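Spelled out from the first residue to the last, the chains are:
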Amino acid sequence: MNRFILIAGLVLIGSALLAPGLKVESGAAATARSGPVSPWSKQAAAPARSGSAETVEIARDGQGQFHLDVDVNGQAVRFLVDTGADVVALTEDDAERLGLKPDESAYRPMLQTASGTGMAAPVEIDRLTIGGRELVGVAAVVVQDLPVSLLGQSALRQLGSVTLKGDRLIIAG
């Protein structure tokens, strides 16, 4: 239950520091809207992409969630797709494995969860590849005690439309 509360509470990640969110609508009209770049990102206003613009379809799992394996800086990371999270949020274990573990002094109260204030530290992912599309300089946070990494809007809004069709989440460029 605490895990669910923590994940549900992450939808409010650092709004004062982070880019505004993705608008996701059900049906064919669903589109992602770009927002300003986060203050720690070197990324230009237009997202850097390479490779083919493949459509990514994710089946809902037995718990009603959408998980996706993503290439982050050349390593596979399992993410829960969270259209309500402002940014990509990494577990401390994933961040350490990727060489992105921040110093303890970098953590600050950055998000509000149902359990209280969550501590997070901003980081930047050099390269994140989803469905043949490469995103460069993706804003992210490392969250203390986060049980699963979250694929949030700092990546999703760059990928195109996000559509829910039945038990499938479709990300199309």
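Each remark here, short or long, concerns the structure printed above.
For clarity, every value in this text was computed on a predicted model and none was experimentally measured.

## Quick notes on the nonpolar core
Core analysis: the biggest nonpolar cluster contains 31 residues, and Val88, Leu90, Ile125, Leu128 and Leu151 have the highest contact counts within it. Going through the elements one at a time, β1 (56-59), β2 (67-72), β3 (75-81), β4 (88-90), β6 (116-130), β7 (133-143), α3 (153-156) and β10 (168-172) are the ones with two or more residues in this core. The residues touching isoleucine 125, leaving out its near neighbours within four places in the chain, are Val72, Asn73, Val88, Leu90, Leu100, Val136, Gly137, Val138 and Ala140. Core analysis: the second largest hydrophobic core is formed by eleven residues, Val87, Ala120, Val143 and Leu150 among them.

## Let's talk about the sheet that holds β10
What the three strands build is an open sheet, ordered β1-β10-β9; its pairing is antiparallel. Looking at which strands have only one partner, the edges of the open sheet turn out to be β1 and β9 (161-165). Direction aside, the axes of adjacent strands within the sheet are offset by 20 degrees on average. Where β1 lies against β10, four bridges are found, and the strand directions are antiparallel. Its bridge partner lying in β10, alanine 59 is registered against arginine 168.

## Some details on the pairing of β3
With six bridges connecting them, β2 and β3 associate as antiparallel partners. Of the residues in β3, the one forming a bridge with valine 72 is glutamine 75. Taking the residues that link successive antiparallel strands as the turn, the β2-β3 hairpin has two residues, and the phi of asparagine 73 there is positive, at about 50 degrees. Relative to strand β8 (residues 149-151), β3 runs parallel, the two being bridged by three bridges. Across the sheet, valine 81 pairs through a bridge with leucine 151, a residue of β8.

Rules of the game
- Residues numbered from 1 in each chain as written.
- Predicted model: local features only at pLDDT ≥ 70, side-chain atom pairs only at ≥ 80, totals over all residues.
- Heavy atoms only, no water.
- Core = buried A, V, L, I, M, F, W, Y, C linked by side-chain atoms within 4.5 Å.
- Buried < 20%, exposed > 50% of the residue type's maximum accessible area, 1.4 Å probe, protein only.
- Helix = DSSP H or I, 4+ residues; strand = E, 2+ residues; numbered from the N terminus.
- Contact = heavy atoms within 4.5 Å.
- Pairing = 2+ DSSP bridges.
- Axes fitted to C-alpha atoms, helices over the stretch in contact; angles between N-to-C directions.

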